[in-house]
Amino acid sequence: EPGELGEVNPQEFVYGEEDFVLQAAGWGDPDSAPSRFDRVLLAGWRDRMERGLFRYRLGPLPTRVLPGPVRLVAQLNEQRSAERRPPQPVRSLRDPFDPGAFNFTRLRPAELLFRLRRTGGPGPPPDPLLVAINASPLERGHVLLLPEPARRLPQVLTASALRGALEAALLSGHPGFRVGFNGLGGGASVNHLHLHGLCLDRPLPLEEAPAEPLGPRLGLLRAGPAPAFLFFAPGPAALEPVSRAVCRAAEHLDGAGLACNVLATRGDPPAGPGAG
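Calculation criteria
- Residues numbered from 1 in each chain as written.
- Predicted model: local features only at pLDDT ≥ 70, side-chain atom pairs only at ≥ 80, totals over all residues.
- Heavy atoms only, no water.
- UniProt positions renumbered as here; feature names shortened; annotations may be inferred.
- Helix = DSSP H or I, 4+ residues; strand = E, 2+ residues; numbered from the N terminus.
- Salt bridge = Lys/Arg side-chain N within 4 Å of Asp/Glu carboxyl O.
- Buried < 20%, exposed > 50% of the residue type's maximum accessible area, 1.4 Å probe, protein only.
- Polar contact = N/O pair within 3.5 Å; in protein donor to acceptor, adjacent residues only side chain to side chain.
- Contact = heavy atoms within 4.5 Å.
- Pairing = 2+ DSSP bridges.
- Axes fitted to C-alpha atoms, helices over the stretch in contact; angles between N-to-C directions.
- Parallel < 35°, antiparallel > 145°, perpendicular 65-115°, else oblique.
- Left-handed = near helix turned anticlockwise from the far one by under 90°.
- Nonpolar A, V, L, I, M, F, W, Y, C, P; charged D, E, K, R; others polar.
- Expected span 1.5 Å × (residues − 1).
- Arc of directions from axis to C-beta.

- The name recorded for the protein chain in an unreviewed UniProt entry is GDPP1 phosphorylase, from Thryothorus ludovicianus.

Here it is as structure tokens:
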């Protein structure tokens, strides 16, 4: 029901810099050392699946790598296609928040898993993020990362929300835990600020694609399905300036009428053309 979340105070997951997993497990053994974050997130996610809070039960998904130079990873998820909530229409990349349309203040309290809150450095902590199940999941552990829903922010990326999501990615010890943002016109189905987190049990070609250097910790990727800017953070202290840079780029693209998406994943430092 609308407004239910106003009275709900989910358990807090308090973390500090000592909880960041700077070197995730290798692909050969991705479950060797789940972090505290992985254990809490997956236990809560499985509990909500058993309680029937998702729109469907997620079984093994047929997966294949498509032929061609981009090597797209394709998954067949028929139930998501048939049973997810229909995406909201997008009239402009700057559509304001619409309180009459579905938004995350209407989540059932049981859909919330916990609130992420950092204490200590580096730098001032980002705004806390609510972690909720995505009721139409793409993969196991698929969650929504929500800045305070009562703020009713439209689906426009903010540096604080992105930094909180990047820190969530660093809390996972799984090499395939990735976070992402779909902008309006770029696949977003709800115009209320949210990012996604999920585990995908395979490396992506994008993670080792050659990048053309454009500046310090900035490159251009041409190898993916669409041209992309590559922003690189060598460690936790760089997440804040990188988050601001990504949001400036997204704002610039938005002003040019170009929809965009953001994917955050682990990878080696960009080393110039042809070097990954």
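More follows now that the structure is in view.
### A look at the UniProt feature "domain: GDPGP1-like N-terminal" (unreviewed entry) in the protein chain
In step 1: As annotated by UniProt and renumbered to match this structure, "domain: GDPGP1-like N-terminal" (unreviewed entry) occupies residues 36-197.
In step 2: Secondary structure within residues 36-197 divides into 21% helix and 19% strand; the distance between the first and last C-alpha atoms comes to 16 Å.

### Quick notes on unusual backbone geometry
In step 1: Between Gly-121 and the following residue, Pro-122, the backbone shows a cis peptide bond with an omega angle of 0 degrees.
In step 2: By the element assignment, Pro-122 lies in the loop between strand E4 (112-118) and strand E5 (129-133).

### Notes on the pattern of salt bridges
If charged atoms from side chains of opposite charge come close, those side chains can pair.
In step 1: Evaluation of the coordinates by the stated rule reveals 16 salt bridges.
In step 2: Of the charged contacts, one joins Arg-178 and Glu-207 as a salt bridge, the two residues approaching to 2.8 Å between their closest N and O atoms. On the criterion of sequence distance, the pair formed by Arg-178 in strand E7 (residues 177-182) and Glu-207 in the loop between strand E8 (195-199) and strand E9 (211-215) is long-range, its members being 29 residues apart.
In step 3: We classify Arg-178 as buried; its relative accessible area is 3%.
In step 4: The salt bridge involving Arg-244 is made with Glu-240; its shortest N-O contact spans 2.9 Å. Of this pair, Arg-244 and Glu-240 both sit in helix H4 (residues 239-255), four residues apart, which is roughly one turn of the helix.
In step 5: On the accessibility criterion, Arg-244 (38% relative accessible area) is partly exposed.
In step 6: Classification of Glu-240 by relative accessible area gives partly exposed; the value is 32%.

### Focus: the side chain of Arg-118
In step 1: Residue position: Arg-118 is located in strand E4.
In step 2: A polar atom in the side chain of Arg-118 sits 3.2 Å from the backbone oxygen of Pro-122.
In step 3: A polar contact is formed between the side chain of Arg-118 and the backbone oxygen of Pro-124, at a distance of 3.3 Å.
In step 4: Setting aside residues up to four positions removed in sequence, Arg-118 forms contacts with Tyr-15, Phe-20, Gly-123, Pro-124, Pro-125, Pro-126, Arg-163 and Glu-167.

### Thoughts on the side chain of Asp-254
In step 1: With respect to the secondary-structure elements, Asp-254 resides in helix H4.
In step 2: When its relative accessible area of 19% is taken as the criterion, Asp-254 is described as buried.

### Section: the sheet that holds strand E10 (residues 218-221)
In step 1: Across the sheet, which stays open at both edges, the three strands sit in the order E9-E10-E11 with antiparallel pairing between neighbours. Every interior strand has two partners, whereas the edge strands, E9 and strand E11 (228-231), have only one. Across the sheet, the mean angle separating the axes of adjacent strands is 35 degrees when strand polarity is ignored.
In step 2: Looking at chain direction, E9 and E10 are connected through four bridges and run antiparallel. Note that in E10 the partner of Pro-213 across the bridge is Gly-219.

### Concerning the packing of helix H3 (residues 159-171) against H4
In step 1: Packing of H3 against H4 leaves a shortest axis separation of 9 Å and a crossing angle of 130 degrees. When the axis of H3 is compared with that of H4, the two are oblique. Along this stretch, H3 crosses H4, giving a crossing that reads as right-handed. Counting all contacts with H3, which are made through Ala-159, Leu-162, Arg-163, Leu-166, Glu-167 and Leu-170, the residues of H4 involved are Leu-239, Glu-240, Ser-243, Arg-244, Val-246 and Cys-247.
In step 2: Its residues assigned to classes, the contact of H3 with H4 comprises seven nonpolar, one polar and four charged.

### As for helix H1 (residues 36-50)
In step 1: Here H1 spans 21 Å end to end across 15 residues, near enough to the 21 Å set by a 1.5 Å rise per residue.
In step 2: Taken residue by residue, H1 has Phe-37, Asp-38, Leu-41, Leu-42, Gly-44, Trp-45, Arg-48 and Met-49 as its buried positions. Buried residues of H1, seen end-on, are gathered within an arc of 160 degrees and therefore sit on one face of the element.
In step 3: Against strand E1 (12-15), E4, E5, strand E6 (143-146), H3 and E7 lie the buried residues of H1.
In step 4: At the exit of H1 stands Gly-52, carrying a positive phi of roughly 75 degrees.

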